[in-house]
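Take a look at the letters that make up each chain.
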Amino acid sequence: KSQAEMDKVRQDEKAVFEKNSQEMQQGLEGVKLALKVLNEYYAKNGEADDGAASGIIALLEVVESDFTKGLSQMTADEDSAQAAYEAQTKENEIEKATKDQDVKYKVKESTDLD
């Protein structure tokens, strides 16, 4: 791939990550708030040990865990993609510099032969 294509793909990937991670973060905050409100409500009304109450809270805790894992995975994938992009960009820079030097030497060699 050309560097320009890589830059475009990386830029698109980063934009998707930023949008999705923001949504995941908002979802996680919403679930945490719901858990806090429900825990306070059930504790205040003495229903914390009620089967329905504990079932709802347990379900929300699973959702919270899933959001947290999803956000962590998205962040790890983004970090990995960024590292791969940087490594490939560095490789491309080295390759370009090498080719530029080869051209410079060949032109010099050619003019020395004339």
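Scroll up to find the structure.
Residues numbered from 1 in each chain as written. Predicted model: local features only at pLDDT ≥ 70, side-chain atom pairs only at ≥ 80, totals over all residues. Heavy atoms only, no water.

## Here's the deal with the side chain of Thr89
Line of reasoning, step 1. Examined against the element boundaries, Thr89 turns out to sit in helix α2 (residues 51-113).
Line of reasoning, step 2. At 3.0 Å, the side chain of Thr89 and the side chain of Gln3 are in polar contact.
Line of reasoning, step 3. Among all residues touching Thr89, those that are not within four sequence positions of it are Gln3 and Met6. (Helix = DSSP H or I, 4+ residues; strand = E, 2+ residues; numbered from the N terminus. Polar contact = N/O pair within 3.5 Å; in protein donor to acceptor, adjacent residues only side chain to side chain. Contact = heavy atoms within 4.5 Å.)

## Quick look at the side chain of Glu78
Line of reasoning, step 1. Tracing the backbone shows Glu78 in helix α2.
Line of reasoning, step 2. Residues in contact with Glu78, not counting those within four places in the same chain, are Arg10, Glu13, Lys14 and Phe17.

## Some words on the packing of aromatic side chains
Line of reasoning, step 1. By the definition in use, this model includes 1 aromatic pair.
Line of reasoning, step 2. Ring plane angle 65° and centroid distance 5.4 Å describe the contact between Tyr41 and Tyr42, whose orientation is recorded as edge-to-face.
Line of reasoning, step 3. Relative accessible area serves as the criterion here: at 43%, Tyr41 is assigned to the partly exposed category. (Phe/Tyr/Trp six-rings, centres within 6.5 Å; stacked < 30°, edge-to-face > 60°. Buried < 20%, exposed > 50% of the residue type's maximum accessible area, 1.4 Å probe, protein only.)

## What about the environment of Val63?
Line of reasoning, step 1. For Val63, the position within the fold is in helix α2.
Line of reasoning, step 2. For Val63 and Lys32, which are 31 residues apart along the polypeptide, the C-alpha to C-alpha distance reads 9.7 Å.

## Quick notes on the pattern of salt bridges
Line of reasoning, step 1. Scanning the model with the defined rule gives 9 salt bridges in all.
Line of reasoning, step 2. Residue Glu23 is joined to Lys19 by a salt bridge in which the shortest nitrogen-to-oxygen separation is 3.1 Å. With Glu23 and Lys19 both in helix α1 (residues 3-44) and 4 residues apart, the pair spans about one turn of that helix.
Line of reasoning, step 3. Judged by its relative accessible area of 42%, Glu23 is partly exposed. (Salt bridge = Lys/Arg side-chain N within 4 Å of Asp/Glu carboxyl O.)

## Considering the packing of α1 against α2
Line of reasoning, step 1. Following both chains from N to C, one finds α1 and α2 inclined at 160°, their axes separated by 9 Å at the closest point. It follows from the interaxial angle that α1 and α2 lie roughly antiparallel. Regarding α1 and α2, the two cross each other, and that crossing is left-handed.
Line of reasoning, step 2. Residues belonging to the contact of α1 with α2 are distributed by class as follows: 19 nonpolar, 13 polar and 8 charged. (Axes fitted to C-alpha atoms, helices over the stretch in contact; angles between N-to-C directions. Parallel < 35°, antiparallel > 145°, perpendicular 65-115°, else oblique. Left-handed = near helix turned anticlockwise from the far one by under 90°. Nonpolar A, V, L, I, M, F, W, Y, C, P; charged D, E, K, R; others polar.)

## Considerations on α2
Line of reasoning, step 1. Between its terminal C-alpha atoms α2 stretches 92 Å, which fits the 93 Å expected from 63 residues at 1.5 Å a residue.
Line of reasoning, step 2. Every buried residue belonging to α2 is among Ala53, Ile57, Leu60, Gly70, Leu71, Glu78, Thr89 and Asn92, and all of these are buried.
Line of reasoning, step 3. Among the structural elements, α1 are those in contact with the buried residues of α2. (Expected span 1.5 Å × (residues − 1).)

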